[in-house]
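Chain residues, written in single-letter form:
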Amino acid sequence: MISPRLIALIVKELIAAFRDPKTRIAFIIPPLIQVLLYSSAATLEVKNVPIAVYNEDWGEASRQLISRFERASAFSRILYLTSESEVQSAIDSQRALAAVHIGQDFSRNLASRQQAPVQILLDGRRSNSAQILSGYLNSILTQFAADYVQGETRPPAVSDALDRSWYNPNREYSTAMIPALVGTLTMTTVLFVIVMSVARERELGTFEQLLVSPLLPVEIIIGKAVPGLIIGVAVATAINLLVTRVFGIPLTGSLFVLYAGLIVFLLAIIGIALFISSLASTQQQAMLGAMVFMMPAMMLSGFMSPVQNMPVWLQPLAQMNPLTHFLVIVRGVFLRDMPMMLVAQRIWPMLAIAICTISAATWLFRRKIG
Amino acid sequence: MSDHDLMTRPLAKVQGVEAHPIDLRRGRMRRINALVRKEALQTLRDPSSLIVAVVLPVLLLFLYGFGVSFDVTTVRIGLVIENPTPDTGRFQQALSNTPFFDVRVSGDRRAFLNDLTASRIEGVVVLGGDFTQRLARGDTAPVQIITDGSDPNTASLVTAYVQGAWQSWLDQRQLSSGAANAALITPIPRIWFNPELESRRFLVPGSIALILMMIGSLLTALVVSREWERGTIEALLATPASVPEFLIGKVVPNFILGCVAMAVSVTFALFVFHVPLRGSVLTLILATTAFLLVALSAGLLISTVARTQFLASQIAMLASFLPGLFFSGFIFELASMPAPLRAFSQLVPARYFVSALQTIFLAGDIAAVLVPDILILMVMSVAVIVLTARNSKMRLD
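Let us look at the structure shown here. Keep in mind that what you see is a predicted model, and the values were worked out from it rather than measured. (Residues numbered from 1 in each chain as written. Chains lettered and ligands numbered in written order. Predicted model: local features only at pLDDT ≥ 70, side-chain atom pairs only at ≥ 80, totals over all residues. Heavy atoms only, no water.)

Some details on the overall build of chain A
Okay, so step 1: Tallying secondary structure elements over chain A gives 15 helices and five strands in all.
Okay, so step 2: Rg of the C-alpha trace for chain A: 28 Å, well past the compact-globule value of 21 Å for 370 residues, more than 25% over.
Okay, so step 3: Seen through its C-alpha atoms, chain A measures out along the principal axes to roughly 95 × 40 × 40 Å.
Okay, so step 4: Across the 370 residues in chain A, those meeting the buried criterion constitute 55%. (Helix = DSSP H or I, 4+ residues; strand = E, 2+ residues; numbered from the N terminus. Rg over C-alpha atoms; globule rule 2.2 N^0.38 Å. Buried < 20%, exposed > 50% of the residue type's maximum accessible area, 1.4 Å probe, protein only.)

The structure is reproduced here in structure tokens:
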């Protein structure tokens, strides 16, 4: 049974959250900016990069090879170099991310069916892009070598490696990044709504009034939590629609599983927000507290790069972060059709975080009354 | 009185007495000295600026340095062997021999489906049931590499690693069978500046740029808005100090704090993250100075708009953090972005500092990169300072 005074409190909180026009803007503008940024700017893809070619060979084969580079869409332009020192300076000055060095004997070696080495020099200042670029260049070289001997009475290749990606076949960065916004944007919105609402009441002195009202501490907690939950579900639903309708990323898993994960995730975030607000007495402190939680939560969640790549001693910290678990669920349900059984493994830790933080916050609020 | 008048307002123009130019200059120096002293004392007295200069960089560098990494240190692979034979055994050997692979074997690819979905493995390699037969027949025996496309970067790296192991298995096989069927073209990759391919080596210098932008703008954004908030700006306005003098007074102590933050970050980068410093300290100082001027004056510009510390810190964080994260080339690939965003990135000061720092740390003093970077930063700092001086309304209304 929900008491009428609890409903009154929830209604009051919802009205308070949306009354301020500045807050209303804060609900709309930052999410829109982030959606724009993550859909278009968050990419590690390597394209439009300049490369350099230093060709010492005068034969036909090297010319054919270079024309393959020219046709490849990943390169913005090709710098033609004529000496070793130019290669050095092209890489140094970042005029080229990679330089391909074709030796003098390239065509001769190929013609006599001998191995023809090709040196690829890469700029390690961007080692991640360099590695990916190296992969592109390798496949061009391999394909060229295969085509070169085509039509001859040679036995077919012993083996070939077929490269396939599941869940996101074209390895689109936007497809991988955008669903994660269901987690990150919902988290920031709910966190700030709750933290600021409690702190504002503290500053205005209305929180004292709440405490002396007939409401129990538990009811105050629920009164603050339920609007957060409602806003969180609304924000997540809006982003869900944006992801599926505007960006056309289909939801492969079940919506029910996603929302089951979402509600437990929101409870954990609400618990953390209430915990922060039970410690902060001004809006400024509350904001600072929210930032201090948010920055590590974003960085240590696998949002930017996989949790697996973090040092081993940091992994437990990542496991204590509700966002880590929810991002696995969101990406899993959107892209990988994650079954309930696997989602459940990620729900338990978030539930534990929710229970710990909410009870700690209740205890701290109750102590204030005592 | 217009803003322009304020900027060029003759000093000590007291009751029609025309001051001598030398006196004017001396008066200006004296006032700047006094303002700088006042600001320095205020900064030292308030622990929050010291926290921003010392604790924040350590905290942020810790998060970026350890939290972001593109290095797939152990690749957990599910190897599906539908029909085990000595041939598949040799392939498995080739995978297991590679130090970064952690290989688990199964006879059925469905066994790894859940593992891939739950990110417990990074990829699945499938040797079909007819792998050995095809090899024996002289047919092409396919090796299927399945990766998790929902993490595109890891997927690309894992594919490349497995292909490397596959290539070495192939070479081994050619060698033992004595067939002259080896790959005709052998790419020999060489990575300069970062042969270990540690992503941390370029991420740490990049994050230093981002951190310094945040700290620089945060520090100065706070100091002017603090004067507004506390009402001490009235006392300052009543002094004969002009706008430029006032701004110099604000910038100098925070410049020193910014240098402290930079020193802390560089120490951390060198000794905790073991990033090499191949360029000279002098170049590092030069680039830092140019960038700090931009960051600090950006903070001043923000505080001319925002009159409360709270609002100022919010704007400073947002205005330095988001563009710094997305458009500095620190994590994301600028070249792959749409043209309008690429054009916008040209206006982000952090972009030039990221490029300069990556070069100074990893490559050395390369004039072709550093001279344009530092020049652009200097031009930007002048532009922002002029903009700030024009916008600073030294009036109470």
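Some points on the sheet that holds strand S1 (residues 75-81) of chain B
Okay, so step 1: Sheet architecture is open: five strands sit in the order S5(A)-S4(B)-S3(B)-S1(B)-S2(B), paired in mixed fashion. Two strands in the sheet have a free side with no partner beyond their single neighbour: strand S5 (159-166) of chain A together with strand S2 (101-106) of chain B. The mean inter-strand angle of the sheet, taken between neighbouring strand axes irrespective of direction, is 20°.
Okay, so step 2: In this sheet, strand S3 (residues 123-127) of chain B lies alongside S1 of chain B in parallel orientation, the contact comprising five bridges. (Pairing = 2+ DSSP bridges. Axes fitted to C-alpha atoms, helices over the stretch in contact; angles between N-to-C directions.)

Overview of the interface of chain B and chain A
Okay, so step 1: Listed per partner, the contact involves 94 residues of chain B and 93 residues of chain A.
Okay, so step 2: When the two sides are added together, the surface that chain B and chain A hide from each other amounts to roughly 8300 Å², 62% of it contributed by carbon and sulfur.
Okay, so step 3: In terms of surface lost to chain A, no three residues of chain B exceed Leu184, Ile185 and Trp192 of chain B, which account for 10% of the buried area on that side.
Okay, so step 4: Between chain B and chain A we count two salt bridges in total.
Okay, so step 5: Measuring nitrogen to oxygen at the nearest pair gives 2.9 Å for the salt bridge that ties Asp148 of chain B to Arg336 of chain A.
Okay, so step 6: For the pair chain B and chain A, the interface holds 39 residue pairs in polar contact (both at pLDDT 80 or more).
Okay, so step 7: Sorting elements by how many residues they give to the side of chain B that touches chain A places helix H7 (residues 152-177) of chain B first, with 14 residues.
Okay, so step 8: The residue inventory of the side of chain B that touches chain A, partitioned by class, reads 54 nonpolar, 27 polar and 13 charged.
Okay, so step 9: Across eight bridges, the pairing between S5 of chain A and strand S4 (residues 141-148) of chain B is parallel. Note on S4 of chain B: the bridge partner recorded for Leu162 of chain A is Gln144 of chain B. (Contact = heavy atoms within 4.5 Å. Buried area = accessible area lost by both parts, 1.4 Å probe. Salt bridge = Lys/Arg side-chain N within 4 Å of Asp/Glu carboxyl O. Polar contact = N/O pair within 3.5 Å; in protein donor to acceptor, adjacent residues only side chain to side chain. Nonpolar A, V, L, I, M, F, W, Y, C, P; charged D, E, K, R; others polar.)

Focus: the environment of Leu335 of chain A
Okay, so step 1: If you trace the backbone, Leu335 of chain A turns up in helix H14 (residues 322-335).
Okay, so step 2: Take Leu335 of chain A: its relative accessible area is 6%, and that puts it in the buried class.
Okay, so step 3: The spatial distance from the C-alpha of Leu335 of chain A to the C-alpha of Asp105 of chain A is 48 Å, given a sequence separation of 230 residues.
Okay, so step 4: Residue contacts for Leu335 of chain A: discarding those within four places in its chain leaves Tyr167, Thr175, Ala176, Ile249 and Thr252 of chain A together with Ser150 of chain B.

Some thoughts on the side chain of Asn309 of chain A
Okay, so step 1: Looking at the element boundaries, Asn309 of chain A is found in the loop between helix H12 (283-299) and helix H13 (315-319).
Okay, so step 2: In this structure the side chain of Asn309 of chain A is engaged in a polar contact, spanning 2.9 Å, whose partner is the backbone oxygen of Ser69 of chain B.
Okay, so step 3: A polar contact is formed between the side chain of Asn309 of chain A and the backbone oxygen of Asp71 of chain B, at a distance of 3.4 Å.
Okay, so step 4: Setting aside residues no more than four positions away along its own chain, Asn309 of chain A makes contact with Ser69, Phe70, Asp71 and Val72 of chain B.

Section: the packing of aromatic side chains
Okay, so step 1: Applying the stated criterion across every chain yields a total of 23 aromatic pairs over all chains.
Okay, so step 2: Relative to Phe273 of chain B, the ring of Phe268 of chain B has its centre 6.0 Å away and its plane inclined at 70°; by these criteria the two rings are edge-to-face. Phe273 of chain B matches Phe268 of chain B in its accessibility class, with the two residues each being buried.
Okay, so step 3: The interplanar angle of 85° and the centroid separation of 5.1 Å between the aromatic rings of Phe327 of chain B and Phe344 of chain B together place this pair among those described as edge-to-face. Here Phe327 of chain B, found in the loop between helix H12 (309-326) and helix H13 (339-345), pairs with Phe344 of chain B, found in helix H13; they are 17 residues apart in sequence, far enough to count as distant.
Okay, so step 4: On the accessibility criterion, Phe344 of chain B (39% relative accessible area) is partly exposed.
Okay, so step 5: Grouped by ring-pair contacts, the aromatic residues Tyr38 and Phe303 of chain A together with Phe326, Phe327, Phe332 and Phe344 of chain B constitute a single cluster. (Phe/Tyr/Trp six-rings, centres within 6.5 Å; stacked < 30°, edge-to-face > 60°.)

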